[in-house]
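Residues per chain, in single letters:
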Amino acid sequence: MSGIESWFEYLSKRWDLVASTLLETLGYVVSVTVAAAIVAITVGVLTRNRAFPRELSLAIASVFLTIPSLALFTIFIPVVGLGFWPSFIALFLYALLPILRNTVTGLQGVDSSIVESAKGMGMTRLQILFKVELPLAWPVILAGIRVSAMLTVGISAIATLVAGGGLGDFIKSGLARLPLPNSLEAIWTGVILSLLLALAIDSSMRGLGRLTTSAGVRS
Amino acid sequence: MNAHDLDPLHEPRALIELVNVEKTYPGAEQPAVRDLSLAVREGEILVLVGPSGCGKSTTLRLINRMIEPTSGSIIFEGADVTNTDPNKLRRQIGYVIQQIGLFPHRTIAENIGTVPRLLKWDKKKTAARVNEMLELVGMDPSIYGPRYPRELSGGQAQRVGVARALAADPDVLLMDEPFGAIDPITRDRLQNEFLRLQAELKKTIVFVTHDIDEAVKMGDRIAILREQSIIAQIDRPEVILTDPADDFVENFLGSGAILKTLTLNRVRDLDLAPVPPVLPGASRTQALAAVEESSSGVAILLDAQEHPVRWVDRRSLDNAAKPIEQAGRSVNVMLQPEDTLQDALSAMLQTSTGMSVVVDGRGRYLGCVTIESLASLLVQTQNGAA
């Protein structure tokens, strides 16, 4: 039996498991990306005109990304136990930097003369933020959110090591049983489904970008 | 010339007043604006001009409180607005900056509707006003309204900037080097358009520029500022050009201040010389008769649309070998009534006769101007200003 055929056979016997782990990973991606976007955009907006807090928050977010993922996933177990939460916290901390970095870059990239003319016409600071600065920075911010979502798909495979579920379950069980039958098929399942999930999320976020970006600033 | 120029007792009321205004930036030893008092009269274009760093932009931005004064007060339409809500004040004052600052994510129509929306006008009223504004600046609302700023040329963006500033019908317009980033030919056209617009709208305008030629052209009055925004001289342009208050003003005007008075008058102020037109299809005899009748010995050959095409004189018509449509020299340079005397002089110097053809907006022949009529108008202006 060729590799592909045996993989399909492996899959066809485990649709339920495939579906539930896929949903778990998707759950991580959605919850982590949304939470990180809210926090990172808020921090980016609040610090946009103040160099010190801005650079400090960027530095902290960068430090998170340098911590080895195995360590970051396990470090919170004493506090929150096993399962979803240690994984969520670790993934959340990883996802902050791309969004924060792009929020800062996007807001700094708004032409100062546009803000000046908005102020000169009598727009309040909040109106300028929500009607001018954020819409103009949005394509850049969204690009950051996309990177974070991709990052989360990949790194969430580690969640299996802290009993957090997800597609990493296939990879872990495959690795543990090598070279027994179906071990390679399990690894392939985890890798290929992660890849497909990443592609699907990427293209749906591209679509979201087109829907939420003004035609006047679309590239 | 306006009535108030003749009668100083009936000065129009001041719409904006800066009273002993001072601005010192934090950390600076010297104030950027020192004890400035300035009144802007209703319906005038007051130009603030001076070398870079003299504080002219700061002064302009004090009026709509983009910059808050350190001391002194700002009076707007009779009320002290030094401590009122700056956003409310700014919605009543049009503001145009050099970079224009159109919102790239909003359509042209949405851009122009910005201040009406802030003032909570209803949609119908805003839309009608937006169309009116686009037409005012010579842009078709159905074509340009739904477009985005990146689809506009520099000149069009500038027009939209002016339309946006005028949208809520403010009494006052502040313009900070509005034509500064535009190529010279387009700038000249936009300046002329703007002056035509202002003749209709009669807004009160404060206009900042570093270019004395632009100041002379645009200003009803000019304030020449030295460092710290100290007023070196404030007066009508013809007075400043012919009677500078001190060495600073004289240096700033540069050489050829008298030549700059050429931009104060327009071709329409000149007397048209009687140069007879020759209509298309006229016989050689008719053309000769026209030349005989002309005091300058030349006539202008027109085409079917009344556009001037050729200068003809007796000698060129005597050459019977050439058809009359090819006699004489072609008319290359044409003036319009809105052109300045500076344009007129350069046009005349390009013709050997010292004359230039004047046409209306559609290119139809109006008459000719001569270097003599220009000289006599200049003498009149000089005598009038002194």
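In the block above lies the structure referred to throughout.
Residues numbered from 1 in each chain as written. Chains lettered and ligands numbered in written order. Predicted model: local features only at pLDDT ≥ 70, side-chain atom pairs only at ≥ 80, totals over all residues. Heavy atoms only, no water.

Focus: a nonpolar patch on the surface
Point 1. Taken together, the side chains of L23(A), L26(A), V30(A), V34(A), I38(A) and V39(A) make up a nonpolar region of the molecular surface, amounting to roughly 510 Å² of accessible area.
Point 2. Position of V39(A) relative to the elements: it lies in helix α2 (residues 15-46). (Patch = residues over 30% accessible without salt bridge, like charges linked within 9 Å, V, L, I, M, F, W, Y side chains within 5 Å. Areas by Shrake-Rupley, 256 points an atom, 1.4 Å probe, with all protein chains shown as cover. Salt bridge = Lys/Arg side-chain N within 4 Å of Asp/Glu carboxyl O. Helix = DSSP H or I, 4+ residues; strand = E, 2+ residues; numbered from the N terminus.)

A few points about the pattern of salt bridges
Residues and elements named next belong to chain B.
Point 1. Enumeration according to the criterion identifies 20 salt bridges over all chains in this entry.
Point 2. R314 is paired through a salt bridge with D318; the nearest N and O atoms lie 3.7 Å apart. A residue pair is termed a helical-turn pair when its members lie 3 or 4 positions apart in one helix, as R314 and D318 do in helix α15 (residues 314-318) at four residues.
Point 3. A relative accessible area of 40% places R314 in the partly exposed class.
Point 4. Judged by its relative accessible area of 45%, D318 is partly exposed.
Point 5. One salt-bridge network, held together by shared partners, links R129, E132, D169 and K203. (Buried < 20%, exposed > 50% of the residue type's maximum accessible area, 1.4 Å probe, protein only.)

Considerations on the nonpolar core
Point 1. Core analysis: the largest hydrophobic core is formed by 44 residues, its most contacted members being I112(B), F194(B) and I224(B).
Point 2. Filtering out sequence-adjacent residues up to four positions away, I112(B) remains in contact with V130(B), M133(B), L134(B), V160(B), A163(B), R164(B) and A167(B). (Core = buried A, V, L, I, M, F, W, Y, C linked by side-chain atoms within 4.5 Å. Contact = heavy atoms within 4.5 Å.)

Concerning helix α16 (residues 341-349) of chain B
Point 1. Buried within α16(B) are the following residues: L341(B), A344(B), A347(B) and M348(B). Considered in projection along α16(B), the buried side chains sweep an arc of 115° and stay on one side of the axis. (Arc of directions from axis to C-beta.)

Notes on the environment of L288(B)
Residues and elements named next belong to chain B.
Point 1. You can see L288 is positioned in helix α14 (residues 284-293).
Point 2. Placed 50 residues apart in sequence, L288 and E338 show a C-alpha to C-alpha distance of 32 Å.
Point 3. With residues near it in sequence (within four places) discarded, L288 still touches R314, L317 and D318.

A closer look at the sheet that holds strand β15 (residues 334-335) of chain B
Residues and elements named next belong to chain B.
Point 1. Strand order in the open sheet formed by three strands is β15-β16-β17, and the pairing between neighbours is mixed. Only two strands of the sheet have a single neighbouring strand rather than two, namely β15 and β17 (365-370).
Point 2. With two bridges joining them, β15 and strand β16 (residues 355-359) adopt parallel strand pairing. Bridging from a neighbouring strand, M334 pairs with V357 of β16. (Pairing = 2+ DSSP bridges.)

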